[in-house]
Amino acid sequence: MQADVTPEVTVVDHPLVQHKLTIMREKDTALPEFRRLLREISLLLAYEVTRHLELKQIEIETPVAKTAAPLLARPEPCLITILRAGNGLLDGMLDLIPSASVGHVGLYRDPKTLEAVEYYYKVPKDMGQRLTIVVDPMLATGHTAVAALDMLKKDGAADISFVCLVAAPEGIEELRKAHPDVPVFTAAVDEKLNDKGYIVPGLGDAGDRIFGTK
Ligand code: URA
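None of these values were measured; they are calculated from a predicted model.

**Things to note about the pairing of strand S4 (residues 78–83)**
- Across the six residues of S4, six count as buried, placing the element largely inside the fold.
- Judged by which residues are buried, S4 turns out to be covered on both faces: Cys-78, Ile-80 and Ile-82 on one side and Leu-79, Thr-81 and Leu-83 on the other are all buried.
- Pairing geometry for S4 and strand S5 (residues 102–109), over five bridges, is parallel. When the sheet's bridge partners are listed, Ile-82 is paired in S5 with Val-105.

If you want it as structure tokens, here you go:
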């Protein structure tokens, strides 16, 4: 039952997120600082994407009194990283949700067609019971994200959110068309894609900047 779900794009416009992202975009930002900022932003994005998790009341006893207090109603969310750049968002998210299980989806973009090609897939078995948070820092063409969501839904994921750092309008459009039930959380929606499929102004190749491979 996806048809009646309103598609959503949440731009996390918290001043600290915006400030950190600007420093990350700078081409001369060094690797350790880039990584540190990514970890910090990821935690803040995790905070936003989990904002509406359902709570249940339980009875507890503090050192002072018995009381009813809220606890997550469902098992903790699981995180699905789209390799390899998605891994850059994991540490910060795990700082906030340390008991999250983590799945890995290996997809690369064919440099000619820009289509997603699968090379690895291992995900938690009980995704259907959890909020499934799919992470990839750059939502560019949307092909990779759509392919990952197709695979996860086939495997039972039902309540999915997609988290990125920077999105292109083209990627958002593609994702909304294919998966209108999946809300998108991003720190920025940029201007466009260039002819190589890079986001403009973007921050360059996120994988290379996270792992220092350039
Ligand atoms: N992937 C990246 O790492 N950067 C972009 O700008 C687009 C896709």
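**Re the confidence of the model for the chain**
- With 97% of its residues at a pLDDT of 70 or more, the chain has an overall mean of 94.
- Below pLDDT 50 for its whole length, residues 1–6 participates in six contacts with residues either more than four positions away or in separate chains.

**A few points about the side chain of His-179**
- Tracing the backbone shows His-179 in the loop between helix H5 (169–178) and strand S11 (184–186).
- Taking relative accessible area as the criterion, His-179 reaches 4% and is therefore assigned buried.
- A polar side-chain atom of His-179 sits 2.8 Å from a polar atom in the side chain of Lys-153.
- Residues contacting His-179, with those up to four places away along its chain left out, are Val-146, Leu-149, Asp-150 and Lys-153.

**As for the environment of Glu-54**
- Mapped onto the secondary structure, Glu-54 falls in the loop between helix H2 (31–49) and strand S2 (55–61).
- On the accessibility criterion, Glu-54 (55% relative accessible area) is exposed.
- As for Glu-54 and Pro-70, which are separated by 16 residues in sequence, their C-alpha atoms are 9.5 Å apart.
- Not counting the four nearest positions on each side in its chain, Glu-54 is found in contact with Leu-71, Leu-72 and Ala-73.

**Observations concerning unusual backbone geometry**
- Going from Leu-83 to Arg-84, the amide bond is cis rather than trans, its omega being -5 degrees.
- Counting through the fold element by element, Arg-84 comes out in the loop between S4 and helix H3 (90–96).
- The omega torsion of the bond from Val-200 to Pro-201 falls at 0 degrees, within 30 degrees of zero and hence cis.
- Summarising the element assignment, Pro-201 is placed in the loop between strand S14 (199–200) and helix H6 (206–211).

**Quick notes on the packing of helix H4 (residues 143–154) against H5**
- Look at H4 against H5: their axes get within 9 Å of each other, and the N-to-C directions meet at 25 degrees. By the angle class used here, H4 and H5 are roughly parallel. Between H4 and H5 lies a crossing of right-handed hand. Residues His-143, Ala-145, Val-146 and Leu-149 of H4 form the contact with H5, whose participating residues are Glu-174, Leu-175 and Ala-178.
- Among the residues forming the contact of H4 with H5, the class breakdown is five nonpolar, one polar and one charged.

What counts as what
- Residues numbered from 1 in each chain as written.
- Predicted model: local features only at pLDDT ≥ 70, side-chain atom pairs only at ≥ 80, totals over all residues.
- Heavy atoms only, no water.
- Buried < 20%, exposed > 50% of the residue type's maximum accessible area, 1.4 Å probe, protein only.
- Helix = DSSP H or I, 4+ residues; strand = E, 2+ residues; numbered from the N terminus.
- Pairing = 2+ DSSP bridges.
- pLDDT = per-residue confidence, 0-100.
- Contact = heavy atoms within 4.5 Å.
- Polar contact = N/O pair within 3.5 Å; in protein donor to acceptor, adjacent residues only side chain to side chain.
- Axes fitted to C-alpha atoms, helices over the stretch in contact; angles between N-to-C directions.
- Parallel < 35°, antiparallel > 145°, perpendicular 65-115°, else oblique.
- Left-handed = near helix turned anticlockwise from the far one by under 90°.
- Nonpolar A, V, L, I, M, F, W, Y, C, P; charged D, E, K, R; others polar.

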